[in-house]
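Topology and contacts: notes
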Amino acid sequence: MTESNRKTSMRSHMCGEISDGLVGNEVSLCGWVAKRREHGDKLAFVDLRDHTGIVQCVIDNTVDVRSEYVVRVTGVVRPRPEGTANATIATGNVEIGDCVVEVLRSAEPPPFPLDQRADEVDENVRLQHRYLDIRRERMQRNIRTRAKVNAAVRGAMERQGFVEVETPMLVPSTPEGAREFLVPSRKEPGSFYALPQSPQLFKQLLMVAGIDRYYQIARCLRDEDLRADRQYEFMQLDAEMSFVSQDDVLAAIGEAVLSAAEAVTGVRPDPIERITWRDAMERFGVDKPDLRFGMELKELTSIFGSTEFKAFSGAACIKGFNAKGAAEEFGRNKLDQMTDKAKRMGAKGLVWLKKTANGYDSPVAKFLSSGEQESLTSTLAAETGDLILIVADEWMTTCGVLGQLRNDLGRPPVHQGPYRYVWVVEFPLFVGVDKDSGRPKPGHHPFCRPHPDDLHKFESDPMSVRALAYDLVLNGWELGSGSIRIHEPEMQRRVFTALGISEEEANRKFGFFLKPFTFGAPPHGGFAFGLDRLVAILAGEENIREVIAFPKTQNGQDPMTNAPTPAEAKQLDELGIRTLAPRT
């Protein structure tokens, strides 16, 4: 915002705009008193703060202004006396003198200091007084970073011909993999709306409706356990496109993401890399790989093909990675703890070897032949002081356990640069089997289009079928996911059949969604990514609560409003609801 459109009838400038170029000019500023310091009997220094910064004002000592008073100060900009400049603030070379102070509102002392010291305050206290917490520089920066991201995303989507459409917040209950929030209907007692987990069904209907390119910065809600990267309600960029391939969707979403990053950092990131899901699992052990550090998993199965070491003999998959220079850091206690963790994750065990000048220091080294040890050294580029970790098990278990250990040992904080975006493509269409029905479970959702190259084995080997599905990952955090959709009813029936969803069940749950597809649905695909997560990383925060104005705690509570609260008996009567005592 420029100086001209910040000006109001009460102020001529913002605090952070005061500079050497304004020396000699009279200015009017409005803001909060950040600090007051006495200077003899006649003068006091007041640091005046607004969201742009702090400026020092020299006032009459008899004027009663204290911390967090809201004031208007009119005075003349002048250089600070020699030797008193403050290099830690942008306005540190100047001050406001000859001040006239108008107290617009007095204030009680805040419950915690509104500066960096508040970072050490209990989070519940900060959230209880969130309106004060947001006054702080850190929170102001985060909220404004969020606004920059939203504006950049909207600009990128508009430039690419997308149309912003708002979809309903009261929707029918649909199984999308997470627990929904239900809203009782007063007009139809015993019936419920659901709050949307995503606009998925509606955005696809917009493609049937001919909108062609839809987007929305959508509010979504899921009743699931909260953690650092998850809230009950969250914001996502939601988009859908007609007559497109996977490449078209990735290009459009990539433009929005890179534009957002550029708006915040001033630097446009490199084009987004792309790897397959299989490659991500083989190399990193997870489907949301962090590419900022090495320690990639290496295939070792062939090295131990004829081994006499029983733990490796006959194993379906043997993999390992090299934690460079970590041998000294990990004593026996730490290694035992790591082994226990591997077992809790489903592995039969964990083999560790420390590379020494004379070979390997490990309880299992004596069971490995010299040839196996030499091949291991070569494959993992092992040098003295390195720590080798190996798992032998089923492929998925081996990859998953090593992937978690790799992250534990090497992953830097999520917001620490560089920013490494990556598209993960070709996810499995089905993942695992439902214990009760024996049917495959969808990898993303039931509307993902199978990969055309795998259709010949859809019925004979469904677990090997890939989907035209893709995730966007940044520094090991999944930002979002999407897919090319099924637009033909007959293909949708094949998927439902594989999932054990009967035609009657499909019509009951998705009839309103499937019927329109019989009237001519175009090929289409889309994507959604979490704005909270993207903003958190770009703002340098580990927790998305720090970039949300009014978040919930990890227990799902709002200390400021005390939500959730019990409903009054009259409200429950109108809705025909009776509450039960909590289960013990």
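Residues numbered from 1 in each chain as written. Predicted model: local features only at pLDDT ≥ 70, side-chain atom pairs only at ≥ 80, totals over all residues. Heavy atoms only, no water.

This part covers the overall build of the protein. When its secondary structure is counted, the protein shows 14 helices and 22 strands. Along the first, second and third principal axes, the C-alpha atoms of the protein reach 90 × 75 × 55 Å. Put simply, the protein has 584 residues, and 48% of those count as buried. With an accessible surface of roughly 29100 Å², the protein has 49% of that area assigned to carbon and sulfur atoms. With 74 positive and 84 negative side-chain charges, the protein shows a separation of 2 Å between the mean positions of the two kinds. (Helix = DSSP H or I, 4+ residues; strand = E, 2+ residues; numbered from the N terminus. Buried < 20%, exposed > 50% of the residue type's maximum accessible area, 1.4 Å probe, protein only. Areas by Shrake-Rupley, 256 points an atom, 1.4 Å probe, with all protein chains shown as cover. Lys, Arg positive; Asp, Glu negative; His and termini not counted. Charge placed at Lys NZ, Arg CZ, Asp CG, Glu CD.)

Relative to the elements of secondary structure, A316 occurs in the loop between β12 (298–299) and β13 (317–323). For the pair A316 and I18, spaced 298 residues apart in sequence, the C-alpha to C-alpha distance is 69 Å. Ignoring anything within four residues of it in the chain, the contact list for A316 reads T301, D393 and E394. (Contact = heavy atoms within 4.5 Å.)

The next thing to look at is the packing of aromatic side chains. Counted by the stated rule, this structure contains 14 aromatic pairs. Taking the centre distance of 5.3 Å and the plane angle of 90 degrees together, the rings of F447 and F510 count as edge-to-face. In this pair, F447 sits in the loop between β19 (440–442) and β20 (469–474) while F510 sits in helix α12 (residues 503–514), placing the two residues 63 residues apart along the sequence. Consider the rings of F496 and F510, whose centres lie 5.7 Å apart with planes at 15 degrees: the pair is stacked. Residue F496 is found in helix α11 (residues 489–498), and its partner F510 is found in helix α12; the two are separated by 14 residues along the sequence. Across the pair, F510 and F496 agree in class, each one buried. Site record: aromatic cluster; members linked through ring pairs are F447, F496, F510, F513 and F517. Just above the ring of W395 sits the side chain of R278; from NZ or CZ to the centre is 3.9 Å. Above the plane of the ring of Y360 lies K355, whose end atom (NZ or CZ) is 5.5 Å from the centre. (Phe/Tyr/Trp six-rings, centres within 6.5 Å; stacked < 30°, edge-to-face > 60°. Lys NZ or Arg CZ within 6 Å of the ring centre and 35° of its normal.)

Here the focus is the sheet that holds strand β16 (residues 387–393). The antiparallel open sheet is built from five strands, whose spatial order is β12-β13-β16-β14-β15. Pairing within the sheet leaves two strands with one partner each, and these edge strands are β12 and β15 (359–361). Where strand β14 (residues 351–356) and β16 come together, four bridges link them in antiparallel fashion. Residue pairing for β16: W352 is matched across the bridge by L389. Docked against the sheet, helix α8 (residues 332–344) engages β14 and β16, running at close to 145 degrees with respect to β14. (Pairing = 2+ DSSP bridges. Axes fitted to C-alpha atoms, helices over the stretch in contact; angles between N-to-C directions.)

Moving on, we come to the nonpolar core. By size, the foremost hydrophobic cluster in this structure holds 46 residues, and its most contacted members are I253, Y421, W423, F529 and L534. For this core, the element with the highest residue contribution is helix α6 (residues 246–265), accounting for nine residues. In contact with L534, not counting residues within four places along its chain, are V149, A260, Y421, L474, L479 and F529. One finds F427, L429, I486 and L499 within the second-largest nonpolar core, a separate group that totals 37 residues. (Core = buried A, V, L, I, M, F, W, Y, C linked by side-chain atoms within 4.5 Å.)

The next subject is the packing of α8 against helix α10 (residues 395–410). Following both chains from N to C, one finds α8 and α10 inclined at 140 degrees, their axes separated by 10 Å at the closest point. The angle between α8 and α10 falls in the class oblique. Considering the relative orientation of α8 and α10, their crossing is right-handed. Where α8 abuts α10, its residues M338, K341 and A342 lie against V401, Q404, L405, D408 and L409. For the contact of α8 with α10, a count of residues per class yields five nonpolar, one polar and two charged. (Parallel < 35°, antiparallel > 145°, perpendicular 65-115°, else oblique. Left-handed = near helix turned anticlockwise from the far one by under 90°. Nonpolar A, V, L, I, M, F, W, Y, C, P; charged D, E, K, R; others polar.)

Moving on, we get to the pairing of strand β10 (residues 233–242). Where burial is concerned, most of β10 is hidden: nine out of the ten residues are buried. Judged from the nine bridges that link them, strand β9 (residues 213–221) and β10 form a sheet pairing that is antiparallel. Opposite Y215, over in β10, you have A239 as the bridge partner. Two strands pair when backbone bridges link them, and β10 and strand β22 (residues 524–530) are joined in this way by seven bridges, in the antiparallel orientation. Across the sheet, residue L237 finds its bridge partner in β22, namely F529.

Turning to helix α5 (residues 200–208), a few remarks are in order. Within α5, seven of the nine residues are buried, which leaves it mostly tucked inside the rest of the structure. Close packing links the buried residues of α5 with β9, β10, α12 and β22. Immediately downstream of α5, the backbone of G210 shows phi near 85 degrees, a positive value.

On their own, these measurements won't tell you what the molecule is for.
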